[in-house]
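# Survey of secondary and tertiary structure
Read off the chains here:
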Amino acid sequence: MSKKDSLSRFLFEKNAVRGELVNVTNTYQSMLENHHYPEPVERLLGDLLVATSLLTATLKFEGDITVQLQGDGPVRLMVINGNNNQQMRGVARMSDDVKAGSSLKEMIGNGFMVITVTPEKGERYQGIVALDGENIEECIDNYFKQSEQLPTRVFIRSGRQDGKPAAAGMLLQVLPASEEHSAEHTAEHFELLTQLTHTIKAEELFTLDAKEILHRLYHEEDVTLYDPQPVEFHCTCSRERCENTLVTLSKEDIEHLLHEKGNIDMECEYCGTHYIFDGKDINNINKLESTKLN
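Residues numbered from 1 in each chain as written. Predicted model: local features only at pLDDT ≥ 70, side-chain atom pairs only at ≥ 80, totals over all residues. Heavy atoms only, no water.

## Focus: the overall build of the protein
What counts is decided by this rule: For helices the rule is a DSSP run of H or I covering at least 4 residues; for strands it is a run of E covering at least 2, with both sets numbered from the N terminus onward. Residue exposure (1.4 Å probe, protein chains only): buried if accessible area is under 20% of the type maximum, exposed if over 50%, otherwise partly exposed. In this analysis, two residues are considered to be in contact whenever any of their non-hydrogen atoms come within 4.5 Å of each other.
Secondary structure summary: the protein contains 10 helices and 14 strands in total. Along the three orthogonal principal directions, the C-alpha set of the protein runs to about 70 × 45 × 35 Å. The 294 residues of the protein split such that 48% are buried. A fraction of 61% describes how many contacts in the protein between residues 6 or more apart in sequence connect residues 24 or more apart.

## A word on the nonpolar core
Cut-off, in case you're wondering: Note on terminology: a nonpolar core comprises buried Ala, Val, Leu, Ile, Met, Phe, Trp, Tyr and Cys residues joined through side-chain atoms within 4.5 Å. An automatic or database domain assignment provides the domain bounds reported here.
Formed by 51 residues in total, the largest nonpolar core has its most connected members in Leu-69, Met-78, Met-113 and Ile-136. Residue contributions to this core reach at least three from each of two domains, namely domain 1 (6-233) and domain 2 (239-293). Each residue touching Ile-136, except ones within four places of it in the same chain, is listed here: Leu-44, Asp-47, Leu-48, Ala-51, Leu-69, Leu-104, Met-113 and Ile-156. Among the nonpolar cores identified, the runner-up in size contains 20 residues, and Phe-12, Phe-190, Ile-200 and Leu-217 belong to it.

## What to know about the packing of helix α2 (residues 39-58) against helix α4 (residues 136-147)
Stated precisely, the cut-off is as follows: In this analysis an axis means a line fitted to C-alpha atoms, helices contributing only their contacting stretch, and an angle means the value between N-to-C directions, from 0 to 180 degrees. Should an angle fall under 35 degrees it is taken as roughly parallel, and over 145 as roughly antiparallel, whereas 65 to 115 is taken as roughly perpendicular and any remaining angle as oblique. Less than a right angle of anticlockwise turn of the near helix away from the far helix marks a crossing as left-handed, whereas a clockwise turn marks it as right-handed. Basically, the charged four are Asp, Glu, Lys and Arg, the nonpolar ten are Ala, Val, Leu, Ile, Met, Phe, Trp, Tyr, Cys and Pro, and anything else, Gly included, counts as polar.
Direction vectors running N to C along α2 and α4 enclose 25°, while the axes themselves pass 10 Å from each other. Classified by the interaxial angle, the pair formed by α2 and α4 is roughly parallel. For the element pair α2 and α4, the recorded crossing hand is right-handed. Residue-level contacts link Leu-44, Asp-47, Leu-48, Ala-51, Leu-55 and Thr-58 of α2 to Ile-136, Ile-140, Tyr-143 and Phe-144 of α4. In terms of residue class, the contact of α2 with α4 is built from 8 nonpolar, 1 polar and 1 charged.

## Let's talk about the pattern of salt bridges
Quick note on the threshold: One side-chain nitrogen of Lys or Arg within 4 Å of one carboxyl oxygen of Asp or Glu is enough to make a salt bridge.
Applying the stated criterion to the full structure yields 9 salt bridges. One salt bridge in this structure joins Glu-204 and Arg-216, with 3.1 Å as the shortest N-O distance. In this pair, Glu-204 sits in helix α6 (residues 202-207) while Arg-216 sits in helix α7 (residues 210-218), placing the two residues 12 residues apart along the sequence. The closest approach of N and O atoms between Arg-216 and Glu-212, which form a salt bridge, is 2.9 Å. Here Arg-216 and its partner Glu-212 are both found in helix α7, 4 residues apart, which amounts to about one turn of the helix. A relative accessible area of 30% means that Glu-212 is categorised as partly exposed. A single network of salt bridges, built from pairs that share partners, joins Glu-204, Glu-212 and Arg-216.

## Things to note about the domain arrangement of the protein
The condition is simple: Two parts placed together each lose some accessible area under a 1.4 Å probe, and adding up what both lose gives the buried area.
Domains assigned within the protein are domain 1 (6-233) and domain 2 (239-293). Across the contact, 10 residues belong to domain 1 and 4 residues belong to domain 2. Carbon and sulfur atoms supply 47% of the area that domain 1 and domain 2 bury against each other, a total of about 630 Å² over both sides. Three residues, Asn-34, Arg-89 and Val-91, lead the burial of domain 1 against domain 2; their summed loss comes to 50% of the area buried on that side.

## What about helix α1 (residues 25-32)?
Defined as follows: Comment: arc refers to directions from the helix axis out to C-beta atoms.
Burial in α1 covers these residues: Thr-25, Thr-27, Tyr-28, Met-31 and Leu-32. Looking straight down α1, one finds its buried side chains confined to an arc of 160°; they lie on one side. The inward-facing, buried residues of α1 abut β2 (17-23), α2, β4 (75-83), β5 (87-94), β9 (164-174) and β12 (232-233).

## Observations regarding α7
The set of residues buried in α7 consists of Ala-210, Ile-213, Leu-214, Leu-217 and Tyr-218. Across the axial projection of α7, the buried residues extend over an arc of 95°, all falling on one side. Structurally, α7 contributes buried residues whose contacts are with β1 (6-12), β2, β9, α5 (183-198), α6 and β10 (223-225).

## Focus: the state of the cysteines
What counts is decided by this rule: Cysteine sulfur atoms that come within 2.5 Å of each other are treated as a disulfide pair.
Taken as a whole and assessed by the stated rule, the structure comprises 0 disulfides. Among the cysteines around Cys-235, which has no disulfide bond, Cys-268 carries the closest sulfur, lying 3.5 Å off. The exposure class of Cys-235 is buried, given its relative accessible area of 16%. Between Cys-271, a cysteine without a disulfide, and Cys-237, which holds the nearest cysteine sulfur, the sulfur-to-sulfur distance is 3.6 Å.

Here it is as structure tokens:
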């Protein structure tokens, strides 16, 4: 059993197809640690985490990616932030109770998926996909059909393993055309590999290492497995970021907050960390800000 979350890339040597295999169980559990989501929301967040990790690994860039679900249903917003180092965080915002067994449509309502990529170098770009699928897997497949020339399929599994939340998934993608492989041959083989991958069970993805999974699925194929990349929960909140927010508030708002509770408690909605500021802290922040301006 894999003890650490990781993403592994693999290549079918005799066919123009590549793949990714990711287990994000520990990251997923850390993401849920300070929240108490209903089971359908918890599972949807796991699906979105897997999808974001797989998406990030398809992009040749250094920077950040944000995948959001927005709608008019009980879950008005769900978001996963990640980067090319596979550092992930996520949160869901709900306005109403979510019933057990709720579907994607029942949770999000009329909504869409927004995928935003922000490279460290270059311009930010964004893709918007209607939530027409029955689940995140189908929605991501639709995204690739709209935005990519290369046929791509994703396979997402989330649920529970040994009583704890678990999530993992796979991706297959056709490589750019080459003289070695005809388009017809590649299409036929990609369909075969897709059918094989559909047979993967959640428990297998949750508990087996990448080498064993690939052997079970593709034992008749010539597959090269590359070194894994770690995946981890990582929150970008900090006291400094909170200070930068506080300096944007009016003096009246600050005084009101301090008078009301004696301090200002800023809680990160992603990781649950509390940053406490009292009157002395606020004075020091204001002095520092004045120094910068001068």
